[in-house]
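Geometric and topological summary
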Amino acid sequence: MSMPECRKELKKYFNHLMSLVEGLYAIIITDRDGVPVFKVSTENAPELALRPTFLSTFGMATDQASKLGLSKNKSMISTYSAFQVVHLNKLPLIVTMVASSKTNTGMLLALERDFDNVLKDMRAVVDIS
Amino acid sequence: MEKALERQLDETMNNPGVVGVLCADKQGLCLGARGTGERQTCGLITSLAETAQKLHPDESSSPVISIETDNMQILIKSKEGITTAVYKSST
Amino acid sequence: MGNCCCPSDDKGFQEQEPDERSSLIGNHPGSSNSPRLVPRSERTPGASRSDSFPSPQNHASQRGDEQSALNRILHQTASNVIDVAAIDARSMEQHEYLDKARQYSSKLTMLCNKTPIPSRPHSLPSGVGNPHAILSAPPLSQADIQFITQVADRTAQTLKEIKVKHKEDLVVPFGVP
């Protein structure tokens with residue numbers, strides 16, 4: 001069965017967002033346990049960063065970080081020697097961006113605005129009702 | 001700690017016509033903003049400065065970028081990895 | 001060990017569930033404001049609050065109330081504690097994970113059929129209404145170039161002066177006599 005038309009559109013939209021920032025390898029939208037709702041990635045993305053064990057860590061980390069007395073945690077940036085990972089807290093959804101360490105972090109953070117349009121509707125997917 | 005930078009931004013704002021200032025580091029992360037300078041655009045501005053620099057890879061000093069719109073002029077320049085943008089109203 | 005109690009000054013947490021707590025304190029004359037001595041090990045932000053609750057000699061119905069209120073406090077205190085050791089305790093079964101992923105996928109397809117996908121953001125701003133005027137205007141003035149160069153120089157200079165000031169200890173011992 002081929003992918004439904006609207007899913008293709010969604011993929012196109014996210015691929016476009018991904019192309020706006022040089023060195024952005026993957027955008028993954030998951031629930032708080034790291035179960036993927038939607039994702040786009042290039043072949044440059046490290047496979048390990050797309051695994052549920054990795055994706056679920058932010059859900060827990062953001063909960064703990066919110067208790068530091070600095071109010072709710074909004075985003076986390078982790079940098080490694082070759083990659084950087086930006087997580088956005090959009091609970092019940094979590095956005096994870098995997099990029100090259102050379103990538104402009106400010107540009108990644110600025111994508112938040114573009115995500116907000118789509119995430120608003122996507123929230124309903126993980127809502128248990 | 002960062003008081004000198006804050007003062008510097010405030011002083012820049014006092015210049016005639018200046019309506020906003022932005023300052024960002026190499027990673028496009030905002031170091032300071034005043035007036036119309038939106039923190040969200042720091043990444044974009046750093047990336048612009050970087051791209052413009054690529055046009056002149058041999059040049060030791062970075063270029064000045066001017067973006068003109070109907071009611072605003074944005075001047076961008078980076079120095080030693082720090083990008084500064086000044087927003088001037090054109091009226 | 002790895003645990004660290006957060007101060008109760010986070011307004012977001014406290015103001016979310018003030019309901020039962022506040023009403024109970026007000027209703028019972030038995031409650032006193034002078035705190036009874038609590039052993040150090042028990043003294044947490046939530047526990048110190050429980051001092052103002054009535055003693056258990058009250059009516060049975062109120063007892064249930066009290067119990068649930070206490071439970072709630074216990075719960076909240078527990079959730080306010082940063083427990084590093086417990087972080088990797090929770091893990092999902094493989095089949096549960098796959099089930100959920102499949103469920104999300106079908107729900108997303110259903111949803112995206114209904115709601116339109118926003119148009120792609122434009123890479124270029126709309127710019128000026130009258131390009132002719134801009135193009136025929138004199139190029140960037142020398143004064144402007146000098147101005148931005150000066151500002152950039154000064155900013156780079158001040159950035160060098162940024163240093164971390166050591167103010168307080170990085171490690172704070174808790175409850176060590």
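Cut-offs used in this document
- Residues numbered from 1 in each chain as written.
- Chains lettered and ligands numbered in written order.
- Predicted model: local features only at pLDDT ≥ 70, side-chain atom pairs only at ≥ 80, totals over all residues.
- Heavy atoms only, no water.
- UniProt positions renumbered as here; feature names shortened; annotations may be inferred.
- Contact = heavy atoms within 4.5 Å.
- Buried area = accessible area lost by both parts, 1.4 Å probe.
- Salt bridge = Lys/Arg side-chain N within 4 Å of Asp/Glu carboxyl O.
- Polar contact = N/O pair within 3.5 Å; in protein donor to acceptor, adjacent residues only side chain to side chain.
- Nonpolar A, V, L, I, M, F, W, Y, C, P; charged D, E, K, R; others polar.
- Pairing = 2+ DSSP bridges.
- Helix = DSSP H or I, 4+ residues; strand = E, 2+ residues; numbered from the N terminus.
- Axes fitted to C-alpha atoms, helices over the stretch in contact; angles between N-to-C directions.
- Core = buried A, V, L, I, M, F, W, Y, C linked by side-chain atoms within 4.5 Å.
- Buried < 20%, exposed > 50% of the residue type's maximum accessible area, 1.4 Å probe, protein only.
- Patch = residues over 30% accessible without salt bridge, like charges linked within 9 Å, V, L, I, M, F, W, Y side chains within 5 Å.
- Areas by Shrake-Rupley, 256 points an atom, 1.4 Å probe, with all protein chains shown as cover.
- Lys, Arg positive; Asp, Glu negative; His and termini not counted.
- Charge placed at Lys NZ, Arg CZ, Asp CG, Glu CD.
- Expected span 1.5 Å × (residues − 1).

Looking at an unreviewed UniProt entry, one finds chain C named Ragulator complex protein LAMTOR1 and attributed to Lingula anatina.

Under an unreviewed UniProt entry, chain A has the name Ragulator complex protein LAMTOR3-A isoform X1 and belongs to Lingula anatina. Heading Sequence similarities (unreviewed entry) of the UniProt record for chain A holds this comment: "Belongs to the LAMTOR3 family."

Description of the interface of chain A and chain C
Taken together, the contacts link 34 residues of chain A with 29 residues of chain C. Between chain A and chain C, roughly 2,900 Å² of surface is buried when both sides are summed, and carbon and sulfur atoms account for 67% of that area. There are 2 salt bridges connecting chain A and chain C. We note a salt bridge from A:Asp31 to C:Lys100, for which the minimum N-O separation is 3.7 Å. Where chain A packs against chain C, one counts 7 residue pairs in polar contact (both at pLDDT 80 or more).

Topic: the interface of chain B and chain A
Interface size is commonly expressed as the accessible surface area that is lost when the partners come together. Every contact between the two is made by 10 residues of chain B and, on the other side, 13 residues of chain A. Buried surface at the junction of chain B and chain A, summed over both partners, amounts to about 800 Å²; 42% is from carbon and sulfur atoms. Our count for the contact surface shared by chain B and chain A stands at 1 salt bridge. The closest approach of N and O atoms between A:Arg113 and B:Glu38, which form a salt bridge, is 3.0 Å. Along the contact surface separating chain B from chain A lie 5 residue pairs in polar contact (both at pLDDT 80 or more). Residue composition of the side of chain B that touches chain A, by class: 2 nonpolar, 6 polar and 2 charged.

Concerning the pairing of strand S2 (residues 36-41) of chain A
Residue and element names in this part refer to chain A. Note that strand S1 (residues 24-31) and S2 share 5 bridges and pair antiparallel. Looking across to S2, one finds that Thr-30 is bridged to Pro-36. Count of turn residues in the S1/S2 antiparallel hairpin: 4 residues, of which Gly-34 carries a positive phi of about 90 degrees.

Describing the sheet that holds S1(A)
Hydrogen bonds between backbone atoms are what pair the strands of a sheet, whose relative direction is either parallel or antiparallel. Residues and elements named next belong to chain A. Taken in spatial order, the 5 strands of this open sheet run S2-S1-S5-S4-S3, and their pairing is antiparallel. Only two strands of the sheet have a single neighbouring strand rather than two, namely S2 and strand S3 (75-79). Pairs of neighbouring strands in the sheet enclose a mean axial angle of 10 degrees, with direction left out of account. Against the sheet, helix H1 (residues 5-20) makes contact with S1 and S2, and its axis sits at roughly 55 degrees relative to S2, the strand it touches most.

Overview of the nonpolar core
Counting residues in each nonpolar core, the largest one holds 33 residues, and the members touching the most others are A:Phe14, A:Leu24, A:Ile27, A:Met97, A:Phe115 and A:Met122. Those elements that provide at least two residues to this core are H1, S1, S2, strand S4 (83-90), strand S5 (93-100), helix H3 (105-110) and helix H4 (112-126) of chain A together with helix H5 (94-114) of chain C. The element best represented in this core is H4(A), accounting for 6 residues.

Here we look at the pattern of salt bridges
For the coordinates displayed, the defined rule picks out 15 salt bridges over all chains. The salt bridge partner of A:Glu9 is A:Lys12, with a shortest N-O separation of 3.5 Å. Residue A:Glu9 and its partner A:Lys12 are located together in helix H1, separated by 3 residues, close to a single helical turn. Salt-bridge contacts for A:Asp116 lead to A:Lys90; the nearest nitrogen and oxygen are separated by 3.0 Å. With A:Asp116 in helix H4 and A:Lys90 in strand S4, this residue pair connects regions lying 26 residues apart in the sequence. One network of salt bridges, in which partners are shared, links A:Asp31, A:Asp33 and C:Lys100.

Comments concerning a positive patch on the surface
On the surface, a cluster of positive charge is made up of B:Lys3, B:Arg7, C:Lys165 and C:Lys167. Tracing the backbone through its elements, the reader meets B:Lys3 in helix H1 (residues 3-13).

Regarding H1(A)
Under the 1.5 Å per step criterion, the end-to-end length of H1(A) is 23 Å for 16 residues, consistent within 8% with the ideal 22 Å. When H1(A) is considered as a whole, its buried residues turn out to be A:Cys6, A:Arg7, A:Leu10, A:Tyr13, A:Phe14, A:His16, A:Leu17 and A:Met18. Buried residues along H1(A) sit against S1, S2 and H4 of chain A together with H5 of chain C.

What about the pairing of strand S4 (residues 72-79) of chain B?
Residues and elements named next belong to chain B. Of all 8 residues in S4, 7 are buried, a share of seventy percent or more. Here strand S3 (residues 65-68) pairs with S4 via 4 bridges, running antiparallel. Within the sheet, the bridge partner assigned to Glu-68 lies in S4 and is Gln-73. Counted along the chain from S3 to the antiparallel partner S4, the turn is 3 residues long. Relative to strand S5 (residues 82-89), S4 is paired through 8 bridges, and the arrangement is antiparallel. Each bridged residue has a counterpart across the sheet, and for Ile-74 the counterpart in S5 is Tyr-87. Count of turn residues in the S4/S5 antiparallel hairpin: 2 residues, of which Glu-80 carries a positive phi of about 50 degrees.

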